[in-house]
Amino acid sequence: MEVQIVNIGTVLQVGDDITRIFGLDEVMTGELVEFEEGTIGIALNLESKNVVVLMCDGLIIQEGSSVKATGRIVAQILNERDARVKR
C-alpha cells in the first residue's frame, strides 16, 4: 500500500483572475495548483496565512472550493521543454 501526501487549500476569495487561498502550506512560488473543477493556476505570492494564485480562466471557481498543489514548478517545466527542443 502506498501513502500519498496531498497539499490542499481552500479558496477564500476570487476576482479578476486572482484567487486568495488558505492552506497550501508547502506550496512554492511558481508552482502549478489545480482547482477542484480542473482550472490550473500559478502560485505567485506566498503569505504567512494564504497564497495568491493567478489563473488563466477561473470563471467557475467559487469561494470555499478546494485547490491542491501539483508539485510541478513552471520554471522546471519550461527548462525541460527547452532541453527537448534543443536536441
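Everything below is about the structure shown above.
Residues numbered from 1 in each chain as written. Predicted model: local features only at pLDDT ≥ 70, side-chain atom pairs only at ≥ 80, totals over all residues. Heavy atoms only, no water.

1. Notes on the side chain of S65
Stage number 1. The residue S65 is located in the loop between strand 5 (50-55) and strand 6 (66-73) in this model.
Stage number 2. You can call S65 buried: its relative accessible area is 8%.
Stage number 3. Among the polar contacts listed, one links the side chain of S65 to the backbone oxygen of Q62, at a separation of 2.7 Å.
Stage number 4. Sequence-distant contacts of S65, defined by excluding residues within four places in its chain, comprise G9, T10, V11 and E36. (Helix = DSSP H or I, 4+ residues; strand = E, 2+ residues; numbered from the N terminus. Buried < 20%, exposed > 50% of the residue type's maximum accessible area, 1.4 Å probe, protein only. Polar contact = N/O pair within 3.5 Å; in protein donor to acceptor, adjacent residues only side chain to side chain. Contact = heavy atoms within 4.5 Å.)

2. Side note on the sheet that holds strand 6
Stage number 1. The antiparallel closed barrel is built from 6 strands, whose spatial order is 1-2-5-4-3-6. Across this sheet, the average inter-strand angle for adjacent strands is 45 degrees, counted without regard to direction.
Stage number 2. Note that strand 1 (residues 8-15) and strand 6 share 3 bridges and pair antiparallel. The partner of T10 across the bridge, within strand 6, is S66. (Pairing = 2+ DSSP bridges. Axes fitted to C-alpha atoms, helices over the stretch in contact; angles between N-to-C directions.)

3. Brief notes about the pattern of salt bridges
Stage number 1. Applying the stated criterion across every chain, the model contains 1 salt bridge.
Stage number 2. Among the ionic pairs, R20 bridges to E47, the shortest N-O distance being 3.0 Å. Residue R20 is located in strand 2 (residues 18-23), and its partner E47 is located in the loop between strand 4 (40-46) and strand 5; the two are separated by 27 residues in the primary sequence.
Stage number 3. On the basis of relative accessibility, which here comes to 27%, the residue R20 falls in the partly exposed class.
Stage number 4. Residue E47 is classed as partly exposed on the basis of its relative accessible area of 35%. (Salt bridge = Lys/Arg side-chain N within 4 Å of Asp/Glu carboxyl O.)

4. A few points about the nonpolar core
Stage number 1. By size, the foremost hydrophobic cluster in this structure holds 13 residues, and its most contacted members are L24, V27, V33, F35 and V53.
Stage number 2. Contributing elements (two or more residues each) for this core: strand 3 (31-35), strand 5 and strand 6.
Stage number 3. Per-element tally for this core: the top contributor is strand 5, with 3 residues.
Stage number 4. Setting aside residues no more than four positions away along its own chain, F35 makes contact with V11, T19, I21, G41, V53, M55, I61, S66 and V67. (Core = buried A, V, L, I, M, F, W, Y, C linked by side-chain atoms within 4.5 Å.)

5. Examining the environment of R72
Stage number 1. Assignment of secondary structure puts R72 in strand 6.
Stage number 2. Spatially, the C-alpha atom of R72 lies 9.8 Å from that of V27, the residues being 45 residues apart in sequence.

6. Some remarks on a nonpolar patch on the surface
Stage number 1. A cluster of nonpolar residues, I18, L44 and L54, forms a patch on the protein surface that exposes about 250 Å² of accessible area.
Stage number 2. Position of I18 relative to the elements: it lies in strand 2.
Stage number 3. Here I18 falls in the partly exposed class, since its relative accessible area comes to 42%. (Patch = residues over 30% accessible without salt bridge, like charges linked within 9 Å, V, L, I, M, F, W, Y side chains within 5 Å. Areas by Shrake-Rupley, 256 points an atom, 1.4 Å probe, with all protein chains shown as cover.)

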